[in-house]
Amino acid sequence: MSAFSDYNFNGRKALVRVDFNVPLNDKYEITDDNRMRAAVPTIQKILKDGGAVILMSHLGRPKDGPTEKYSLKHLVYHLVKLLNGTTVKFAEDCVGPVAEEAAANLQMGEVLLLENLRFHKQEEKGDEAFAQQLAKLGDVYVNDAFGTAHRAHASTAVIAKFFPAEFRTFGFLMEAEVSNAEKVLNQAAQPFTAILGGAKVSDKILIIENLMEKANNIIIGGGMAYTFLKAQGKEIGNSLVENDKLDLALELLAKAKSKGVNLLLPVDSVAADKFAPDANTQVVSNDNIPAGWMGLDIGEKSVQLFSDVISQSKTILWNGPMGVFEMQAFQGGTKAVADAIVKATEKGAFSLVGGGDSVAAVNQFGLAEKVSYVSTGGGAMLEFFEGKELPGIAAIKA
């Protein structure tokens, strides 16, 4: 598999799997175009070489075939703008006579956007015949959809087998995602610190276990920290807890200790008397959160503790916020951790931010340009760091 930049698409029709699963409002207007922007360099490279581009994507979770709400036709106008006026044609289906005719008539220098792949149930089932119908549309297969790389769907994994090895490749985005993730997982400069947040331990068990083999420090924040604290016998008030995961939390703490991994938990919290932006708040020790109060962010002592570790790190992975950062009263911890990561990056550390909420946080705080890499794939990034082989990556490398 050659590097994407070395590939010459002159005279070829490239069938490109992109992730255009963007949010639309009730007027079908795009409210966040980051995923579309991320695919632009790949599309432009193919056009600049003298090739043509056939784009395929899913949008949303349509249940029963074609639905107006999930039609990719709503993206055409914006795509033309992103591509500086390049001709973008639209096919009202992604397979069959309509798609085949549109692909056959496509001229070099033009772009064709196919209708939503998930309007066909065969896409998510990984159906071979459906993948083969898609494959007929192009000469070269380019996978640039890291966000769906963990799914063994027809357009992300199965389709690759219908192209010889020299006619399948990653796009720029996928290439960057894979190389940056591999840099953290397999070539991390020490000390390597992983910062994990989010609501539930159960969502992060596999990533915690896999990172114990790699990381020097694992920082735990967010709602899942309270399950660890309760497991240690601390009073956590009304804070979020998974009571069926207390034994597991103790096992993870013991495992970290036996492996010499420094697993850090927050020592204080910004506690609230209700889950609301206008709640009464107080900073309390995590040894004893008062009855009726819940921890919704990490406190100043935890910020200091975590920031000190981050500042010494050479590699940093951040997945998940430290608190309910969507509410202004409880975003201080997440913002402080983001700032600490930025400072460490300025000093030469390599920092990777992945997972929907952490990405939303760095974007909200205007810090996305100040970390080394921001991943576009939430679930895919998580599974990569759990140590799983992603079907969309394996299919191209096969």
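For the structure, check the block above.
Computed from a predicted model, the values in this text were never measured in an experiment.

Q: Would you explain the layout of surface pockets in this entry?
A: In this approach a probe as big as a water molecule rolls over the atoms, and the regions it shows empty are the leftover space. Computed from the structure, the largest pocket encloses a volume of approximately 680 Å³. What lines the largest pocket is a set of 24 residues, and nearest its centre among them are Asn 34, Val 359, Asn 363, Val 374 and Thr 376. When contributions to the lining of the largest pocket are tallied by element, the ones reaching two or more residues are helix H1 (34–49), helix H12 (356–364) and strand E15 (373–374). Split by residue class, the lining of the largest pocket holds ten nonpolar, ten polar and four charged. Roughly 500 Å³ of volume is contained in the second largest pocket. Lining the second largest pocket we find 32 residues, and of these Gly 197, Gly 198, Ala 199, Pro 321 and Asp 357 sit closest to its centre.

Q: Is there a simple way to explain unusual backbone geometry in this structure?
A: What is expected of a backbone is that most residues other than glycine have negative phi and most peptide bonds are trans. Following Gln 190, the chain continues to Pro 191 via a peptide bond in cis, the omega torsion being -5°. In this fold, Pro 191 is placed in the loop between helix H6 (172–186) and strand E7 (192–196). In this structure, Tyr 28 is a non-glycine residue whose phi angle is positive, near 65°. Positionally, Tyr 28 belongs in the loop between strand E1 (13–17) and H1. What makes Tyr 28 partly exposed here is its relative accessible area of 31%. One non-glycine residue, Asn 84, adopts positive backbone phi at about 55°.

Q: Help me understand the pairing of strand E12 (residues 294–298) in this model?
A: Consecutive residues of a regular strand have side chains that alternate between opposite faces of the sheet. Here E12 lies mainly inside the structure; five of its five residues are buried. Examined bridge by bridge, strand E10 (residues 268–272) and E12 share four bridges and lie antiparallel to one another. Bridging from a neighbouring strand, Ala 272 pairs with Met 294 of E12.

Q: Would you explain the environment of Glu 177 in this entry?
A: Secondary-structure assignment places Glu 177 in helix H6. Overall, the relative accessible area of 0% leaves Glu 177 in the buried class. In the structure, Glu 177 is positioned 164 residues away from Ile 341 in sequence and 19 Å away in space, judged by C-alpha atoms. In terms of polar contacts, Glu 177 uses its side chain to reach the side chain of Ser 375, at 2.8 Å.

Conventions we followed
- Residues numbered from 1 in each chain as written.
- Predicted model: local features only at pLDDT ≥ 70, side-chain atom pairs only at ≥ 80, totals over all residues.
- Heavy atoms only, no water.
- 1 Å grid on protein atoms, 1.4 Å probe; cavity = no way out; pocket = protein on both sides within 12 Å on 5 of 7 lines; lining within 4 Å.
- Points joined across faces, edges and corners; volume = space filled by probe spheres on them.
- Helix = DSSP H or I, 4+ residues; strand = E, 2+ residues; numbered from the N terminus.
- Nonpolar A, V, L, I, M, F, W, Y, C, P; charged D, E, K, R; others polar.
- Buried < 20%, exposed > 50% of the residue type's maximum accessible area, 1.4 Å probe, protein only.
- Pairing = 2+ DSSP bridges.
- Polar contact = N/O pair within 3.5 Å; in protein donor to acceptor, adjacent residues only side chain to side chain.

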